[in-house]
Each structure stands twice: as C-alpha cells, then as structure tokens.
Amino acid sequence: MTQNAEIIIKNSILLTMDANLTIYEPGAIAIQGDQILAVGLEADICQHYTSGYSIDCQGKVLMPGLINAHTHAAMTLLRGLADDLRLDVWLMGYMMPVERQFVSPDFVRLGTRLACAEMIRSGVTCFADMYYFEDDVAQATAEAGLRAVCAQTVLKFPGPDARDYEEALDKTRIYIKKWLGHELIIPAVGPHSPYTCTQEILQSAASIAREYDVPLLIHLSETHQEVENSRKEHGMPVIPYVKKQHLFEAKVLAAHCVHVDAGEIKTLLHHKVGVAHNPSSNLKLASGFAPISNMLDVGLNVGIGTDGPASNNDLDMFEEIRLAAFISKSTSGDPTSLPAPVALTMATRMGADALQIGNLTGSLEAGKRADLIIVDNSRVHNSPRFKREPEAIFSQLVYATQATDVTDVMVNGKWLMRDHQLLTLNEEELLSAASDYARQIDLFLLEREHSVLSKLIAIGGASEEESFEVQVKVSLDDPESVVSEIKQHGLEVLHHRHYHEFDTYFSFTDASQGYLRYREDEAIGPNDQISSVRYRLTLLGPTREDNFPSDALLSRSRFIAPANHSLRFYREYFKPAHETIIEKHRMRWRILYHGLEFFINLDRLDNPALGHFLEVKSRTWSRKDAEHKALVARELIRSLGISKETSLSQDYIEIVNPPDSQ
Ligand SMILES: [Zn+2]
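First, a word on what this report is: a plain description of the structure on this page. Since the structure is predicted, the reported quantities are computational estimates derived from the model, not experimental observations.

Procedures and definitions
Residues numbered from 1 in each chain as written. Predicted model: local features only at pLDDT ≥ 70, side-chain atom pairs only at ≥ 80, totals over all residues. Heavy atoms only, no water. Helix = DSSP H or I, 4+ residues; strand = E, 2+ residues; numbered from the N terminus. Buried < 20%, exposed > 50% of the residue type's maximum accessible area, 1.4 Å probe, protein only. Contact = heavy atoms within 4.5 Å. Areas by Shrake-Rupley, 256 points an atom, 1.4 Å probe, with all protein chains shown as cover. Lys, Arg positive; Asp, Glu negative; His and termini not counted. Charge placed at Lys NZ, Arg CZ, Asp CG, Glu CD. Donors = N, O, S within 2.8 Å, 3.2 Å for Na, K, Ca; no water. Tetrahedral: all angles 85-135°; square planar, octahedral: opposite > 155°, others 65-115°. Core = buried A, V, L, I, M, F, W, Y, C linked by side-chain atoms within 4.5 Å. Salt bridge = Lys/Arg side-chain N within 4 Å of Asp/Glu carboxyl O. Phe/Tyr/Trp six-rings, centres within 6.5 Å; stacked < 30°, edge-to-face > 60°. Lys NZ or Arg CZ within 6 Å of the ring centre and 35° of its normal. Axes fitted to C-alpha atoms, helices over the stretch in contact; angles between N-to-C directions. Parallel < 35°, antiparallel > 145°, perpendicular 65-115°, else oblique. Left-handed = near helix turned anticlockwise from the far one by under 90°. Nonpolar A, V, L, I, M, F, W, Y, C, P; charged D, E, K, R; others polar. Polar contact = N/O pair within 3.5 Å; in protein donor to acceptor, adjacent residues only side chain to side chain. Patch = residues over 30% accessible without salt bridge, like charges linked within 9 Å, V, L, I, M, F, W, Y side chains within 5 Å.

A short note on the overall build of the protein
Line of reasoning, step 1. If you tally the helices and strands in the protein, you get 21 helices and 29 strands.
Line of reasoning, step 2. Taken along the three principal axes of its C-alpha coordinates, the protein extends 115 × 50 × 45 Å.
Line of reasoning, step 3. When burial is assessed residue by residue, the protein has 57% of its 662 residues classed as buried.
Line of reasoning, step 4. Residue pairs at least 24 apart in sequence account for 72% of intrachain contacts in the protein once pairs closer than 6 positions are excluded.
Line of reasoning, step 5. On the protein, roughly 27000 Å² of surface is accessible, and the fraction owed to carbon and sulfur atoms is 50%.
Line of reasoning, step 6. If you average the places of the 64 positive and of the 90 negative side-chain charges in the protein, the two averages end up 2 Å apart.

See the structure below:
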C-alpha cells in the first residue's frame, strides 16, 4: 500500500542533520504541502510513496537549508558604506545617522529583497532579523518565500520609524499581532542592546515577548568595552544586568555573547537562551573571540549568523560556518575543536533551536516543514570525494563547498530557486534600485563630511546656538593679589569652583573649520578631592570675530554639547589633522558687576607650563549687548588692579599655536 506525496526528491546524498546526523545514500524525501512526510533510503521511500512529481538529484547533496541566526537584512543597501572602523564609530558615526536619514519602508523592502536574493542563492532558508520597519521586512521576506524570525527594533533614542521608545513599543505590539500565526514569519521584539536601551525598555520588551509568546532578539556582550561600561554603570557585567531586568523570562536569541564567562554561560543555559555566533562580524570589528566550545560543551544552543551585510560584508553562510570552525581551532590551539559535523549542525538544527523554532525547521525529519537545499559537491574545488568514512561529506561541505554550489532551494514546500534560477525575485531590478540609493547616500555623506559642524550634528552632538562671547584675557605675574582683590573688592560672588581641566583641541587641514575642543572638567572639592567629572565638546569658531576698540574680544557661534563618547571616538570620527593638549587648574567665580553677570577664570597652565592667566568672560545674545559688556569687562579687569598691557586670545589653543604660526 503506497501513499501519495506531492513531491519526491531522490538520488541524493541526504543529510538529515537529525540528532544522530543520519545520512541516507541514495536518499529520498517525500513532501506533502509544506510538510516533510518521510525521509529515508530511496528504495524505502519509493516503496511507500508515489508521486506524479519526482526530482532526480543526480547524486548531489540534499540537506536542510541553512539558518542565518543573526542579520539585519535591509542593510544590504549600506554594504561597504564605511569600513575599517571601530564598532562605536561605525555604528554611531555612520550607520545610525545614515539610517535616520534614509531608512523608510521602501528602503527596508528593497534591502530585504536584495538580502533574500543573496541568501537564497547561498542556501539560506531561514534567518533571524532585527531592524526598523520590521513589518516591511516581514512583508518582503514573505513575498520572497523565506522563513524568518523578524524582530522590530526598540531603542532609547529616536529611530527612523519611531520618535521615542514608547512609540516603538506600541508599534511592536501592533506588528506582532499582525503576523502571529503566519506560515513563514515569526514576529519578535528586538531591544537593540543593553547600551542602547533603558532598563524600562528591556523590561517592557521582555513582557511583550512573554505576553505574545514570541522570541526576543538582542545584541549582548559584543565588545569588551560594552562589558566594562556595564560594570561601571550597573556594577555588574551585561548578562547578570539584563537578567535583573527579567529579560531571560522571555525566549531570547542573543547575538554575539563574545565576552561572557563560565558563570554567565551557565545563566544563559539555565534560561535556555539561544546564542547567535557571528564569526565575520566579530573578526572584522575586532570584537574578540566568543567562547563557543565552552558554550557547546555545557549544551547551549549556538547558531551561526552573518550579522548585517554592513559589518561582514556579505550573507554567505558557508563562509561563516567555515570561519566558526577555524576560529574555534585557532583560539583553542586544538585542531579537533568544533569539528565539521558540529559546525554544520550549528548552521542547521541547532540554529533553529537557538531561534526557538526547532519544532518547525533545522533538520529533514518527518513532520517538519520542507525547508531544504540541493548542493553540487562535484565541482573542481570540491573533488574528489572519499567514501571510506561517511562523515567525510560534512568536511566537504564545511571546508570546501562554496555558496555558489547551491543549485536549488525549497522553503515550506515551495521552490525559491531551481538550477540557480531565482523564482521569486528579479535581481536585475533590485540591483538597479540599490544603485540609486547608493548614489543618494554618497551625496548625503559628501555633504556632511566637509563640515565639522554637520558631522557634529549628525551624531546628535550639538545644537546650533548663535551667541556672542566677550572675552578679555591677560597674563599674570602675581595671581595671589588678584584673588585677594576679588575677595576684598566686594564683588557679588554667585558661585565659586575649582576645576582641573584637560583640554584636547582638534584642528583641521581646512582652518576655516575652527577647533573642536574635548574638555574633561574635574571639579575639585574643599578637601582637594575630585567631586565630579564632566566631559564637554565645544566647537570654536575658526578665528576671532572681532576686536573691539576696548581690546575685548568677541567670538560668535560656539557649539557646546555634553561629550557622550570617548575621546578616542571623536578622534576616529573627526580625523583631526592635529591635536593639542592643554592641562590647567582653574579657579572660577561667577559674579555680578554693575548688575551684569561675568565669569572670572584664574588659570594656571601646567601643560604647557605658561604660568597664570586671568580671563573675564560673558555671554550675550546680541552684538550691541556685547559691545557694552566688553567695556564693562575692561573696567572690571582694571578694578582688580591689573593695568599692564593685555595679551588677548580667543582661547589657549591660540596661545600655544598662534594663528600666524600655522
Ligand atoms: Zn547585529
């Protein structure tokens, strides 16, 4: 008695990738609708099943489709945009500003289609995605016919698709409800990372994931710096911190987990967290080496991902599988580490488990969805084949097979590629539309890169502020007498502080860009101890605006912002031509003089050792006020007993590097 099957695929080396890594040769599979009816030796399958549609694999490999455990598919449109940068500069300096400008539903659909074309060609049948406008990612993916876990991104700052995180969370709910139960798309929530989310966002995201029983996707412990910052800010590394936010009460797929210790690996295991290992991305961004063997040893589900095509820069899973094996061997000094069958399992069955959808896909077993690929393992770079040990086929696939060896791809019982021909996507159209975006993004960055100010604004580092600053600066031989003058003079002192300041001035080849000053201000308390530290970034105009007849100096348009990034970040982002470092102690008084507010700064320059300076400053909003204040400032200086010739300067950078000397 034979049963009817919709499709029978036979004459293959059939790798089931089941728990026993069963291989059937010659093997066959019977498929009905979206389901696998049976897999086995061809003789057995043909004895039990008949079909009007049978396909001869001609001895090629038939195996489950690969599972890309972590990507940002739509970023195909940003591939090659900015490379050879550190993660923070790459992400905050380039990716996020460009995304804020360009990412739209249209961008996301096109980028996702392009990614789907690339993934289908390289044998991927399922992927885990995190991006903006995830509804459009899901739509484009479903139309292309691929299976995917699609997570809507949530961030603490405005994203391309949400003004704030509340809006992002609301959109996530609507999005999840729309796609729940879809045959190909598993909706999910994607709080980007602990460092781009607040505690409240992490908690809300976990509760949404629990409420709808959907996966939660997140980047965790990607860089050493991220872990160190977490220790500083929260008193603990990343994994215990997110655990404390109840994150692991959801079904979590965590990308990277590069910097995790044995205790944290146990925590991940205890909460059944799936891990997505991204070899190329970690190598390219020098994030470090994830302890994958240790994770596998304890039984953690580790999948393999490409990460976004802007940090890889492709979606070639065969390359990732190979790298995963190589990295594990090299970092452990043990060539037996992460052998080929394990590496391939990570990219198939274990990957599906990590995505929390192992019940649906990941292996060729009766009852699972028909997600499979056919791979030609007989081409020049992959021949000959040894049959002495059946497992040699895994070595062939991991160490020699190329993505272009994939000839056919089926997802959910439907062909997406037959004999290298894509059936659901038009590559020519996609490539032409992608080139249009590249042209627009090039123009946007060209425009931005020529101005320090617009680069500053692009990273949210400044708000434009038109103001005038009046400044009188004189060098002093006897600072003590000035201090006693200030005390005795009956000046109304509103505020007094002592700072230890470290200033780094960036200057640029184009002098009209002015100077960018990164200032570390240590406030010194009464016991000579540091009471607080603040970091500020100031863009100083290129030259003095004017010298009033009164010898006061007027400058205009300074841009001041808290410095949220490290000095290294700004150095790598702004690429200054020259840097000057100035260290000084500053006594600062905020005073009222003739009813006007002034700052009196008494500075001792330690590096370079230039002695003492007195500075009287005030900020005004109109030029007329500035002229008046300049006169008063001169009078204030004289009233402090200083009568000698003044030496004026816009800032210390000009004392160290006078403009004429440059
Ligand atoms: Zn990522």
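We are not done yet, so read on.
Here we look at the coordination of the zinc ion
Line of reasoning, step 1. At the metal site, the zinc ion is ligated by His70 (NE2), His72 (NE2), His219 (NE2) and Asp307 (OD), and these contacts range over 2.1 to 2.4 Å.
Line of reasoning, step 2. Taken together, the 4 donor atoms surrounding the zinc ion define angles of 87 to 173° at the centre, an arrangement classified as irregular.
Line of reasoning, step 3. The sequence pattern formed by the donor residues of the zinc ion is H-x1-H-x146-H-x87-D. Neither histidine 70 nor histidine 72 differs from the other in exposure class; each is buried.

Overview of the nonpolar core
Line of reasoning, step 1. Within the largest apolar cluster, 144 residues are counted, with the highest numbers of intra-cluster contacts made by Leu15, Phe107, Tyr131, Leu216 and Phe574.
Line of reasoning, step 2. No other element matches the 10 residues that helix 2 (residues 87–102) contributes to this core.
Line of reasoning, step 3. Ignoring any residue separated from it by four or fewer positions in sequence, one finds leucine 216 in contact with Val189, Pro191, Ala205, Ala206, Ala209, Leu247, Ala250, Lys251, Val252 and Leu253.
Line of reasoning, step 4. Judged by nonpolar contacts, the second largest core, of 21 residues, contains Val472, Ile486, Trp589 and Leu602.

Some points on the pattern of salt bridges
Line of reasoning, step 1. Taken as a whole, this structure holds 38 salt bridges when the rule is applied.
Line of reasoning, step 2. A salt bridge links glutamate 143 to arginine 113; the nearest nitrogen and oxygen atoms lie 4.0 Å apart. With glutamate 143 in helix 4 (residues 134–144) and arginine 113 in helix 3 (residues 105–121), the pair connects residues that are 30 residues apart, well separated along the chain.
Line of reasoning, step 3. Glutamate 449 is the salt-bridge partner of arginine 448, the closest N and O atoms lying 2.8 Å from each other.
Line of reasoning, step 4. On the basis of relative accessibility, which here comes to 32%, the residue glutamate 449 falls in the partly exposed class.
Line of reasoning, step 5. Through salt bridges that share partners, Lys473, Glu501, Asp503, Arg519, Lys584, Arg586, Asp603, Glu615 and Lys617 make up one connected network.

With respect to the packing of aromatic side chains
Line of reasoning, step 1. A complete count under the given rule lists 11 aromatic pairs for this structure.
Line of reasoning, step 2. Seen in terms of ring centroids, tyrosine 518 and tyrosine 570 are 5.9 Å apart; in terms of plane orientation they differ by 50°. Their pairing is tilted. Of the two residues, tyrosine 518 is situated in strand 22 (residues 515–524) and tyrosine 570 in helix 19 (residues 567–574); the sequence distance between them amounts to 52 residues.
Line of reasoning, step 3. Taking relative accessible area as the criterion, tyrosine 570 reaches 2% and is therefore assigned buried.
Line of reasoning, step 4. Its end group placed over the ring of tyrosine 94, arginine 448 keeps NZ or CZ at 4.9 Å from the ring centre.
Line of reasoning, step 5. A cation over a ring is seen here: lysine 455 above tyrosine 573, with NZ or CZ 4.6 Å from the ring centre.

Notes on the packing of helix 2 against helix 16 (residues 427–449)
Line of reasoning, step 1. The geometry of helix 2 relative to helix 16 is characterised by a closest axis approach of 11 Å and an angle of 120° between their N-to-C directions. Considering their axes alone, helix 2 and helix 16 lie oblique with respect to each other. Note on packing geometry: the crossing formed by helix 2 with helix 16 is right-handed. Here Gly93, Tyr94, Pro97, Val98, Gln101 and Phe102 of helix 2 lie close against helix 16, whose contacting residues are Gln440, Ile441, Phe444, Leu445, Arg448 and Glu449.
Line of reasoning, step 2. Residues that form the contact of helix 2 with helix 16 fall into these classes: 7 nonpolar, 3 polar and 2 charged.

What to know about the environment of asparagine 312
Line of reasoning, step 1. Among the secondary structure elements, asparagine 312 is positioned in the loop between strand 15 (302–304) and helix 12 (317–332).
Line of reasoning, step 2. A C-alpha to C-alpha distance of 63 Å links asparagine 312 and glutamate 635, two positions 323 residues apart in sequence.
Line of reasoning, step 3. Once residues within four sequence positions are removed from consideration, asparagine 312 is found in contact with Ser280, Lys284, Thr306, Glu319 and Glu320.
Line of reasoning, step 4. Among the polar contacts made by the side chain of asparagine 312, one reaches the main-chain amide nitrogen of aspartate 314 at a distance of 3.1 Å.
Line of reasoning, step 5. At 2.9 Å, the side chain of asparagine 312 and the side chain of glutamate 320 are in polar contact.

Description of a negative patch on the surface
Line of reasoning, step 1. A grouping of Asp164, Glu166, Asp170 and Glu200 is seen on the molecular surface, where their side chains present a negatively charged patch.
Line of reasoning, step 2. Mapped onto the elements, glutamate 200 comes out in helix 6 (residues 199–212).

Section: the packing of helix 3 against helix 16
Line of reasoning, step 1. It is the contact of helix 3 with helix 16, at a shortest axis distance of 10 Å, that shows an interaxial angle of 130°. Classified by the angle between their axes, helix 3 and helix 16 sit oblique to one another. Crossing of helix 3 against helix 16: the hand is left-handed. Here Asp106, Phe107, Leu110, Arg113, Leu114, Ala117 and Arg121 of helix 3 come into contact with helix 16, specifically with Glu427, Leu430, Leu431, Ala433, Ala434, Tyr437 and Ile441.
Line of reasoning, step 2. Split into classes, the residues belonging to the contact of helix 3 with helix 16 amount to 10 nonpolar, no polar and 4 charged.

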